[in-house]
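# An overview of the molecular structure
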Amino acid sequence: MSTSADRPRRPHPDPLTMTPAEKVIAEWEARHDVAARGSRPTFGTVQHYLAETRSRERCDEAARPRAAERDRRR
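This is a predicted model, so every value here is computed, not measured. (Residues numbered from 1 in each chain as written. Predicted model: local features only at pLDDT ≥ 70, side-chain atom pairs only at ≥ 80, totals over all residues. Heavy atoms only, no water.)

When helices and strands are tallied, the protein shows three helices and zero strands. Going from the N terminus to the C terminus, the protein shows its helices and strands as α-α-α. Taken over 74 residues, the protein has a buried fraction of 1%. (Helix = DSSP H or I, 4+ residues; strand = E, 2+ residues; numbered from the N terminus. Buried < 20%, exposed > 50% of the residue type's maximum accessible area, 1.4 Å probe, protein only.)

We now examine the pattern of salt bridges. A full pass over the atoms with the stated rule returns two salt bridges. Close ionic contact of arginine 31 with glutamate 27 constitutes a salt bridge, the shortest N to O distance being 2.7 Å. Taken together, the positions of arginine 31 and glutamate 27, both in helix H1 (residues 20–36) and four residues apart, correspond to about one turn of that helix. What makes arginine 31 partly exposed here is its relative accessible area of 44%. Its relative accessible area of 41% is what places glutamate 27 among the partly exposed residues. (Salt bridge = Lys/Arg side-chain N within 4 Å of Asp/Glu carboxyl O.)

Here we take up a nonpolar patch on the surface. A surface patch of nonpolar side chains, amounting to about 240 Å² of accessible area, comprises Val46, Tyr49 and Leu50. Mapped onto the elements of the fold, leucine 50 is located in helix H2 (residues 43–63). (Patch = residues over 30% accessible without salt bridge, like charges linked within 9 Å, V, L, I, M, F, W, Y side chains within 5 Å. Areas by Shrake-Rupley, 256 points an atom, 1.4 Å probe, with all protein chains shown as cover.)

A separate point is the confidence of the model for the protein. Across the protein, the average pLDDT comes to 80, with 85% of residues at 70 or higher. Least confident of the elements in the protein is helix H3 (residues 67–73), whose mean pLDDT is 68; most confident is H2, at 89. (pLDDT = per-residue confidence, 0-100.)

Structure follows, in structure tokens:
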């Protein structure tokens, strides 16, 4: 029978690092809490959110190879 001393120890996860799934859940919970309080977003908050979303989408698009480059690789 193996003892706990015989088994290799797993490293403890960093408590300050969140997985992408945890980040999505935390964001949803924060939005839900704000909506539950009856708070409405300000124009500046909406504008900031939309600008951030567009920026993220453009970065994702830039990271993907273009159609012409994909065709050349085939």
